[in-house]
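Residue-level structure breakdown
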Amino acid sequence: MDVPRAQAALRQIAKGFEELAAALGGPDEPGEPERTARVIAEWGRRGLTKQEASALFRKHGFAPQTTGGWARGDWIAIGEDGLRYLTGRSHDWLEERS
């Protein structure tokens, strides 16, 4: 089995489900950029455990596994204390939206 290819396919399926959920949510449903901004704003500069980060993503309509994708994309870094922190990239993105 080609694991990287299977992972890529699963990510595409997940993205499709995200788009379907947004379409079913109606016009008042916030889009991904708005939900992303809400996650970053609520997270702030504090460190979160893996469980806390997953719960925050769920609260804003993301899959709990989103934490891993953000880490691979340099939006989250794991500190020496084992907590997850938003990187400068995340905070810069939020500031640019304002």
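Residues numbered from 1 in each chain as written. Predicted model: local features only at pLDDT ≥ 70, side-chain atom pairs only at ≥ 80, totals over all residues. Heavy atoms only, no water.

**Some remarks on helix 2 (residues 32–43)**
To keep it simple, the criterion reads: Helix numbers and strand numbers start at the N terminus; a helix is a DSSP run of H or I with at least 4 residues, a strand a run of E with at least 2. One less than the number of residues in a helix, times 1.5 Å, gives the span that helix is expected to have. Using a 1.4 Å probe on the protein chains alone, a residue whose accessible area is under 20% of its type maximum counts as buried, one over 50% counts as exposed, and one in between counts as partly exposed.
Under the 1.5 Å per step criterion, the end-to-end length of helix 2 is 16 Å for 12 residues, consistent within 8% with the ideal 16 Å. Of all the positions in helix 2, only Arg35, Thr36, Ala37, Val39, Ile40 and Trp43 are classed as buried. Trailing helix 2 by a residue or two, Gly44 shows a phi angle of about 65°, which is positive.

**Some remarks on the environment of Leu56**
Using the following cut-off: Note on definitions: a residue-residue contact is assigned when non-hydrogen atoms from the two residues lie within 4.5 Å.
Within the fold, Leu56 resides in helix 3 (residues 50–59). C-alpha of Leu56 to C-alpha of Val39: the two residues are 17 residues apart in sequence and 6.8 Å apart in space. Setting aside residues up to four positions removed in sequence, Leu56 forms contacts with Val39, Glu42, Trp43 and Leu48.

**As for the packing of helix 2 against helix 5 (residues 88–97)**
Applied cut-off: Under this scheme, a helix contributes an axis fitted over its contacting stretch, all axes are lines through C-alpha atoms, and angles between N-to-C directions fall in the 0 to 180 degree range. These descriptions rest on fixed angle ranges, namely under 35 degrees for roughly parallel, over 145 for roughly antiparallel, 65 to 115 for roughly perpendicular, and the rest for oblique. In this scheme the crossing of two helices becomes right-handed for a clockwise turn of the near helix relative to the far one and left-handed for an anticlockwise turn of less than a right angle. Asp, Glu, Lys and Arg are counted as charged, while Ala, Val, Leu, Ile, Met, Phe, Trp, Tyr, Cys and Pro are counted as nonpolar; the rest, among them Gly, fall into the polar class.
Where helix 2 meets helix 5, the axes come as close as 10 Å, and the angle between the chain directions of the two elements is 120°. It follows that helix 2 is oblique to helix 5 by the angle criterion. Helix 5 is crossed by helix 2, and the crossing has left-handed handedness. Only Ser90, His91, Trp93, Leu94 and Arg97 of helix 5 make contact with helix 2, whose side of the interface consists of Pro33, Glu34, Thr36, Ala37, Ile40 and Ala41. When grouped by side-chain class, the residues that make up the contact of helix 2 with helix 5 number 6 nonpolar, 3 polar and 2 charged.

Structural measurements only, silent on function.
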